[in-house]
Amino acid sequence: MAASGRGLRRAVSAWPWPAWRRAHWEATGRPKPEYDAVVIGAGHNGLVAAAYLQRTGVNTAVFERRHVIGGAAVTEEIIPGFKFSRASYLLSLLRPQIYTDLELKKHGLRVHLRNPHSFTPMLEEGTRSKAPRSLLLGTDMAENQRQIAQFSQKDAQAFPKYEAFMNRLASAIDPLLDAAPVDMEAFRRGSLLQRLRALSTLAPLLQAGRILGAQLPQYYQVLTAPITKVLDQWFESEPLKATLATDAVIGAMTSPHTPGSGYVLLHHVMGGLEGMQGAWGYVQGGMGALSDAIATSATAHGASIFTEKTVAKVQVSSGRVRGVVLQDGSEVRSKVVLSNAEPQTTFLKLTPQEWLPEEFTQRISQLDIRSPVTKINVAVNRLPDFLAAPNAPRGQPLPHHQCSIHLNCEDTHLLHQAFEDAMDGRPSHRPMIELCIPSSLDPTLAPPGCHVVSLFTQYTPYTLAGGKVWDEQERNAYADKVFDCIEAYAPGFKGSVVGRDILTPPDLERIFGLPGGNIFHGAMALDQLYFARPTPLHAGHRCPLPGLYLCGSGAHPGGGVMGAAGRNAAHVVLEDLKSL
């Protein structure tokens, strides 16, 4: 059975309705003609923005194109009985203040922490008495060192120092995530009062500088150099370097040899759960349960959320946003509009072009939105049985099953070669595969004895060479190649497959509105971060059109299930509403 982005689907809304949906329909039923604020798109950032606005008394409505809320943070029953986190699949980066402010635990959020969290099996010949080697990493530093020592005693000794070094950088970057970037436009053209206010936005930058101190030049290299150069200065063993390098390239059309790939690694290690820095976990019920908790927090304070209500355009009058027009022609007036859509859709499709400067729209059109990702959701009737870590006799999950399992990741050269294939317009011959089994910790996601498997794979180009297109044949050919790779590490995997859902870059774009299939709403490259996200001079959630704000991952601080863009945008909007 295959469901290649167009096949079987059953959304969470087909199950017993979550609290947000019950509250919404009991309170509203249909949109009112006017709200204080309208949010375009019910992705997690849009929901976070709506929740913060509504809590302060700003009457807010959210309009979602799909039949299910959450954007990429959704749970969908693609194959009967199997509930998939269909796009995003892990939680770590969500800002701690959002948990507290929105009372997400009260509204049903439950998270399964993973420990250990990373498993890299080797594709090598074992012996009768000894399985192939593997690298298992978790929160126990002494055990991590024992694992690394299989490959290098020197690396085992260096690893705690490396972790401390990276944690210090993460703690310096952390304050930058919770505030809009420095308002350069206010410094350039603002009134004296606006310039004085803009000075306060320098505080997180100054705080970061104080934390890094005299080591600032070394940390600057981490952010700008290829991650291979950084890792080569610390380690000698390829399995460890390749495992760490996966976090530097995941979701990005970059090689470990690409300058600036170090920031993406940092972006994936700066999170935490339950007070544990760097921890990652599975959301009970899938990622859609997180979106439901945020939505329930918003509707509990009076927000309205509408699904299958597509916004066709932003309404503008006398040089200011006045609301939106829905696809059915109905108009909804509002003082402000926040767009959780990606920048190109927001500014090139939904906003009347005559109200935006040509230089601004040109910059938006030139954003790097390339994506290497094909996500494959797989239903299996038993756990994968890895040669490097054989299954238990009764088939119950073992510690490594809860990990991010890295395949074709024994060597950074393999990652680079996979990237080179995609740059030639071909899917990688040996794709980088991150395999996760959330049902190993959350058995509610699959029938008894069965499991859901998430395959986050790269590199696959959006446009194929030789005039080929991502049709059913090409999708299945690539998925078969991925399954062949897994079979080499875990014989019997292909025979366990009940069904699969193949989402290539064009599928991710069509279904979830991810530009080019890019999970970050645009590349997390140095020229598209902080001051320059989405463009220089318009990185503070505002845009050249008064009343229109960007609150999704295309704004600072970027992608991942973080919620920071939504929270920061809401704070900017609340400040501006004071002057209306």
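In the annotation of an unreviewed UniProt entry, the chain is listed under the name Pyridine nucleotide-disulfide oxidoreductase domain-containing protein 2 and assigned to Myotis brandtii. According to its UniProt record, the chain has this under Subcellular location (unreviewed entry): "Mitochondrion matrix".

Participant: Hey, could you go over the sheet that holds strand E14 (residues 331-333) for me, with residue numbers and the actual values?
Facilitator: The three strands are arranged E12-E13-E14 in an open sheet whose pairing can be described as antiparallel. Edge positions in the open sheet fall to strand E12 (311-317) and E14, since each of these has one partner strand only. If you compare each strand with its neighbour and ignore which way they point, the axes differ by 30 degrees on average. Pairing of E12 with strand E13 (residues 320-326), which is carried by six bridges, proceeds in the antiparallel orientation. Residue Lys313 lies in a different strand from E13, and its bridge partner there is Val325.

Participant: Which residues make up unusual backbone geometry, and what are the values?
Facilitator: The omega torsion across Gln458 and Tyr459 is 25 degrees, close enough to zero to call that bond cis. Along the chain, Tyr459 turns up in the loop between strand E19 (451-458) and helix H17 (472-489). At the junction of His556 and Pro557, the peptide bond is cis and its omega measures out at 5 degrees in the coordinates. Looking at the secondary structure, you find Pro557 in the loop between strand E21 (548-550) and helix H19 (564-577). Here His521, not a glycine, exhibits a phi torsion of approximately 65 degrees, which is positive. Following the sequence through the fold, His521 ends up in the loop between helix H18 (505-512) and E21.

Basis of the calculations
- Residues numbered from 1 in each chain as written.
- Predicted model: local features only at pLDDT ≥ 70, side-chain atom pairs only at ≥ 80, totals over all residues.
- Heavy atoms only, no water.
- UniProt positions renumbered as here; feature names shortened; annotations may be inferred.
- Pairing = 2+ DSSP bridges.
- Helix = DSSP H or I, 4+ residues; strand = E, 2+ residues; numbered from the N terminus.
- Axes fitted to C-alpha atoms, helices over the stretch in contact; angles between N-to-C directions.

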